[in-house]
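Each chain is listed here by its residues.
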Amino acid sequence: MGEPGERAVAGQRLGAPESFGVSTLEPGQRPPTAPPGRQVSIRVQMLDDATEVFNISQRAPAKVLFDLVCAHLNLAEGDYFGLEYQDQRKMMVRPKNTILRFVVKFFPPDHTQLLEELTRYLFALQIKHDLACGRLTCNDTSAALLVSHIVQSEIGDFDEVQSFQHLLHNKYMPDQDVLMDKITEYHRKHVGQTPAESDYQLLEIARRLEMYGVRLHPAKDREGTKLSLAVSHTGVLVFQGHTKINAFNWSKVRKLSFKRKRFLIKLRPDLNSVYQDTLEFIMASRDCCKIFWKICVEYHAFFRLFEEPKPKPKPVLFTRGSSFRFSGRTQKQVIDHVKDSEFKKVPFESPGLPDDALLAGPPGVVVNGQKATLPPGHSPDGHLPSSQTSHTSPLTSPLLTEAGYVRTDDEDEVQRKKFPTDKAYFIAKELLTTERTFLKDLEVITSFQAFLRKEDNMPDSVKTLINSNYEPVYQFHQAFLKEVEQRLQQWEGRSNAHIKGDYQRIGDVMLKNIQALKQFMSLLQRHGEVLVELERSCRASRQLEGVCRELEQQKVCYLPLNMFLLRPLHRLLHYRLILEKLCRHYPPTHQDFRDSRAALADISEMVLQLQGTMMKMENFQKILELKKDLTGIQELAVPGREFIRLGCLSKLSGKGLQQRMFFLFSDVLVYTSRGMTSANQFKVHGQLPLYGMTIRESEDEWGVPHSFTLFGQRQSIVVAASCASEMEKWTEDIRMAVDLAERTNGPSTELLSTSLTDSKSPEEGGVEAESEEELSASRSSLERHAAQRGNTTVHVCWHRNTSVSMVDFSVAVENQLSGNLLRKFKNSNGWQKLWVVFTNFSLFFYKSHQDDYPLASLPLLGYSVTVPAETENIQKDYVFKLHFKSHVYYFRSESQYTFERWMEVIRSATCSASRPLVTQRKDPY
């Protein structure tokens, strides 16, 4: 499978050191325990054709050997694989002369369910082997396309002489010579494609083929016709030659059994079926029959069950039938284990990639341009869809390292005692810290202005709108920040003014500046126009679209660009919140009460005037952002459409429960699956119009916890939530949305036709084309060049199996916070001082407030925030604890007020309770 000296074995391809008999297990992992006894050497042929020797006790079960192989490969998703021994003459393995093969055992319907790059690489090797030996048959177009991706992975970009010589010396499929021209034609089109991307394309094409993962077992029907039986994730298949002539879905099968040479399939009663209740197939021998029956039992359990089935108790006297049961983790358990595990993954290192590609951190995780040292239990994902970036799952997004930071426990304690203890001071300090963050956010827009000035032929309308609407606002807030900083210095006693006591207040400063800010109302009202015009201009100008994409890839742009454009509107909500707290704190006789109340009245009036614009633009911004996360839908931002909720549900189909991402709008429910392209987008599988939709809880009907059925006019689906509260949120929002759709709109012909078209997806049992056009266009140029989107709210919801609503987003806009915190890991001793910004359901970490971009981030959806228990031995004041499964972090604030504020805003993100579909913003004071 490659010329001598070129091919990289699995470990080398993934950057693992060459094995010299030293264990490749990570710290904390132990090799499987083997029973005592004489050691024997077993040879195992790997998927790259390399042979490894393993020494085990001759009394050890085969699982011990298999675990050693997985440990040798550092393979976390080993449950998809197995050891194979094929010799019809012998049923006993003689270690001395035997070679076992390490092979793929379970073929999932979608390779994106494989979470690790190593697993996908091994699957690609299995596909190459099946293609070469003639087991994976397909038409010439598909075969040529498969080989072209293999060659791209082996030798890189097309070179006429090198490619021709390589194909002459390497046979990737039978009758390869006939397709040489077609292979080279496709190979030319893969310029710039990395080995990881080539493997992805290989698996994407292979999974669509009829013979993908099929292992044929010879049989005959009752009439003596020669057939073959096979099993897949969907059920039992019947082939004649290499043509599938029948399939019995797991949902239709009541029982599988065998009696001597007869393999029996007992079907569930179906009045519309032409088949008998029990189908009988004759196999070559009882052993062949039993082997196939065991494979069926394992496939059914692995793909259809939530957890490993419990063995039945053995009868005391008599046994009847086989006691064989599937032992091992199910696919769902494997996925959950890999997501939650602190197992250290080997970073992907493709041949020819520059070293600095491995030093680049994922967006919002480690982006300081130097190699990141991750804390214990946090490691890169290993998935590298492009040569630029390596992604870390949002589930294990690391904080900062302990190395290189000075612990400041004592220094901070001394500093804290110098400052005032009045609550009003800490409210004013919150104004200061959040104003610093806000000004940094405005500087992102000024960076965008600089980008536009550098480029020629940029739309004048965009340049004019941004310059005229944001530059005056930026200059105003620069002056306001200086005034707030000066007042806090006076309050802290860093000037002589505090002796008079005139400066221990902030209401007068806010009143003066809010009255000045009212002069910018016309500009603030036009910020929504900027968002609309920018979207319109990006559609008309690919150059402008590229400039926006380039800016979003910069480290300073830690949020979507269009979110920064709405920051000045959202800042008014923060001013109102701070003034409300001041007015509640001050007694009416306090010298600062009158100014604070007057400032609150002014800002409330501004918010009221801008409320309609804010709500409209927040919805528009969210839909534009979702548009980047979705592929396969023509137009998302249609007039009148409102976003309601997004999140993860499991969809029940012929393949069992499949994890899907759902997006609920005011007129349609869209469901998608996660793609593994460089764009990290979600592929739309179907759209269900809400008009006429009904909901029925169906847990009893299907036996699936927290499940409900959605009945549309043309299509019905069964879905399951992760818990009862998630189910309640979804059903409540869908019912309200349906009611709203029926009161305001009629049925949409466009949506009905779209739903019918999209419903013919693989998971709905529709027939997928295997044409040259479809297979070769499996990734668009937009996906190829799109910015990496691995840490958005959509992806976090996918990893955490949760959901958020538009109401949650609106609440999050009002609950933003910045300031210094001390951070401690679960197993570390000291505290580290960090500047922390909470926004968009995430914590962003900086060394100080003067930094231009975050060093790390932690998405908080799914996390719990509590106070440490006495047994945790923290022994510090004002400490709160963040934990998600095995991930635990402690944060320490400077006062009771700041402690309560951090708890308040984090709970708004982590404990989003069921809220009504439509809410009004708070009434003015």
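So, how was this worked out
- Residues numbered from 1 in each chain as written.
- Predicted model: local features only at pLDDT ≥ 70, side-chain atom pairs only at ≥ 80, totals over all residues.
- Heavy atoms only, no water.
- Helix = DSSP H or I, 4+ residues; strand = E, 2+ residues; numbered from the N terminus.
- Buried < 20%, exposed > 50% of the residue type's maximum accessible area, 1.4 Å probe, protein only.
- Contact = heavy atoms within 4.5 Å.
- Areas by Shrake-Rupley, 256 points an atom, 1.4 Å probe, with all protein chains shown as cover.
- Salt bridge = Lys/Arg side-chain N within 4 Å of Asp/Glu carboxyl O.
- Core = buried A, V, L, I, M, F, W, Y, C linked by side-chain atoms within 4.5 Å.
- Phe/Tyr/Trp six-rings, centres within 6.5 Å; stacked < 30°, edge-to-face > 60°.
- Pairing = 2+ DSSP bridges.
- Axes fitted to C-alpha atoms, helices over the stretch in contact; angles between N-to-C directions.
- Parallel < 35°, antiparallel > 145°, perpendicular 65-115°, else oblique.
- Left-handed = near helix turned anticlockwise from the far one by under 90°.
- Nonpolar A, V, L, I, M, F, W, Y, C, P; charged D, E, K, R; others polar.
- Polar contact = N/O pair within 3.5 Å; in protein donor to acceptor, adjacent residues only side chain to side chain.
- Patch = residues over 30% accessible without salt bridge, like charges linked within 9 Å, V, L, I, M, F, W, Y side chains within 5 Å.
- Lys, Arg positive; Asp, Glu negative; His and termini not counted.
- Charge placed at Lys NZ, Arg CZ, Asp CG, Glu CD.

- Under an unreviewed UniProt entry, the protein chain has the name FERM, ARHGEF and pleckstrin domain-containing protein 1 and belongs to Esox lucius.

1. Considerations on the overall build of the protein chain
Here's step 1: Counting its regular elements, the protein chain contains 27 helices and 27 strands.
Here's step 2: Looking at the protein chain as a whole, 54% of its 925 residues qualify as buried.
Here's step 3: Here the contacts in the protein chain between residues at least 6 apart in sequence split such that 66% fall between residues at least 24 apart.
Here's step 4: Carbon and sulfur atoms make up 49% of the accessible area of the protein chain, which totals about 42200 Å².

2. A closer look at the pattern of salt bridges
Here's step 1: Summed over the entire model, instances satisfying the criterion amount to 40 salt bridges.
Here's step 2: With a shortest N-O distance of 3.1 Å, K628 and E552 are connected by a salt bridge. Here E552 lies in helix α16 (residues 542-552) and K628 lies in helix α19 (residues 593-629), a separation of 76 residues in the sequence.
Here's step 3: One salt bridge connects E872 with K881, and the closest N-O pair in it is separated by 2.9 Å.

3. Section: the nonpolar core
In globular proteins that are soluble, nonpolar side chains generally tend to be buried together.
Here's step 1: In this structure, F81, F102, F263 and I265 are the most contacted members of the largest nonpolar core, which totals 90 residues.
Here's step 2: Residues in contact with F263, not counting those within four places in the same chain, are L229, L256, S257, F258, L279, E280, F281, M283, C289, F292, W293 and C296.
Here's step 3: Grouped together as the second largest cluster of nonpolar side chains are 80 residues, L524, V530, C583 and F593 included.

4. What to know about the packing of aromatic side chains
Here's step 1: Counted by the stated rule, this structure contains 32 aromatic pairs.
Here's step 2: With a centroid separation of 6.0 Å and 80° between ring planes, the pair formed by Y80 and F123 is classed as edge-to-face. Here Y80 is found in the loop between α2 (62-73) and β3 (81-84), whereas its partner F123 is found in helix α3 (residues 117-132), with 43 residues between them in sequence. For the residue pair Y80 and F123, the accessibility class agrees, reading buried in each case.

5. Side note on unusual backbone geometry
Here's step 1: Positive phi, normally seen in glycine, also occurs at Y878, with a value near 60°.
Here's step 2: By the secondary structure assignment, Y878 is in the loop between β25 (864-866) and β26 (879-884).
Here's step 3: With a relative accessible area of 27%, Y878 lands in the partly exposed category.
Here's step 4: Phi is positive for K885, close to 55°, though the residue is something other than glycine.
Here's step 5: Position of K885 relative to the elements: it lies in the loop between β26 and β27 (887-892).

6. Quick word on the sheet that holds strand β11 (residues 278-283)
Here's step 1: Reading across from one edge, β8-β7-β6-β5-β11-β10-β9 is the order of the seven strands in this open sheet, with antiparallel pairing throughout. The sheet is open, and its two edges are formed by β8 (243-249) and β9 (253-259), each paired on a single side. When strand polarity is set aside, the average angle formed by the axes of neighbouring strands in this sheet is 35°.
Here's step 2: The sheet contact formed by strand β6 (residues 226-231) and strand β7 (residues 235-240) spans four bridges and is antiparallel. Considered in β7, the bridge of S228 is made with F239.

7. Concerning the packing of helix α11 (residues 423-454) against helix α12 (residues 460-491)
Here's step 1: At a minimum axis distance of 9 Å, the contact between α11 and α12 shows a crossing angle of 150°. In terms of orientation, α11 lies roughly antiparallel with respect to α12. Regarding α11 and α12, the two cross each other, and that crossing is left-handed.
Here's step 2: Grouping the amino acids of the contact of α11 with α12 by side-chain chemistry returns 21 nonpolar, five polar and seven charged.

8. Observations concerning the environment of R453
Here's step 1: As for its placement among the helices and strands, R453 is situated in helix α11.
Here's step 2: The spatial distance from the C-alpha of R453 to the C-alpha of K463 is 8.1 Å, given a sequence separation of ten residues.

9. Description of the sheet that holds strand β1 (residues 39-45)
Here's step 1: Strand order in this open sheet of four strands is β2-β1-β4-β3, and the pairing throughout is mixed. At either margin of the open sheet sits one strand with a lone partner, and together these are β2 (51-57) and β3. The sheet shows a mean angle of 35° between the axes of neighbouring strands, direction not considered.
Here's step 2: Summarising the sheet, β3 and strand β4 (residues 99-104) pair through four bridges and their orientation is antiparallel. Paired with F81 across the strands is V104, a residue of β4.
Here's step 3: Its contacts with the sheet put α2 on β1, β2, β3 and β4, and the angle it makes with β2 is roughly 135°.
Here's step 4: Docked against the sheet, α3 engages β3 and β4, running at close to 110° with respect to β4.

10. Topic: helix α25 (residues 793-800)
Here's step 1: The element α25 is extensively covered by neighbouring structure, given that eight of its eight residues are classed as buried.
Here's step 2: Every buried residue of α25 is accounted for by T793, V794, H795, V796, C797, W798, H799 and R800.
Here's step 3: In the stretch just after α25, N801 is the one whose phi turns positive, near 60°.

11. Topic: the side chain of S895
Here's step 1: Along the chain, the position of S895 falls in the loop between β27 and α27 (896-910).
Here's step 2: A distance of 3.0 Å separates a polar atom in the side chain of S895 from a polar atom in the side chain of T898.
Here's step 3: Beyond its immediate sequence surroundings of up to four residues, S895 is in contact with F426 and Y878.

12. As for the pairing of strand β23 (residues 842-846)
Here's step 1: When you tally the buried positions in β23, you get five out of five residues, the bulk of the element.
Here's step 2: The pairing of strand β22 (residues 832-839) with β23 spans five bridges and is classified as antiparallel. Across the sheet, the residue bridging to T839 is S842, located in β23.
Here's step 3: Strand direction decides the pairing type here: β23 and strand β24 (residues 856-859), joined by four bridges, are antiparallel. Bridge assignment links F844 to a residue of β24, and that residue is S857.

13. Quick look at the packing of α12 against helix α13 (residues 507-517)
Here's step 1: Contact pair α12 / α13: the axes reach a minimum separation of 11 Å and the direction vectors enclose 175°. Overall, the two elements α12 and α13 adopt an arrangement that is roughly antiparallel. Across from F476, H477, F480, E483, V484 and R487 in α12, the residues of α13 making contact are D508, V509, K512, N513, A516 and L517.
Here's step 2: Residues that form the contact of α12 with α13 fall into these classes: six nonpolar, two polar and four charged.

14. Digging into the environment of H706
Here's step 1: Locating H706 in the fold gives a position in the loop between α20 (699-702) and β18 (707-711).
Here's step 2: The contacts of H706, once residues within four sequence positions are left out, are E699, V719, A720, A721, S722, C723, A724 and M727.

15. Some details on a positive patch on the surface
Here's step 1: Together, R254, K255, K266 and R268 make up a region of like positive charge exposed at the surface.
Here's step 2: Locating K266 in the fold gives a position in strand β10 (residues 262-267).

16. What to know about the environment of L740
Here's step 1: Tracing the backbone through its elements, the reader meets L740 in helix α21 (residues 724-744).
Here's step 2: C-alpha separation for the pair L740 and D667, spaced 73 residues apart in sequence, amounts to 8.6 Å.

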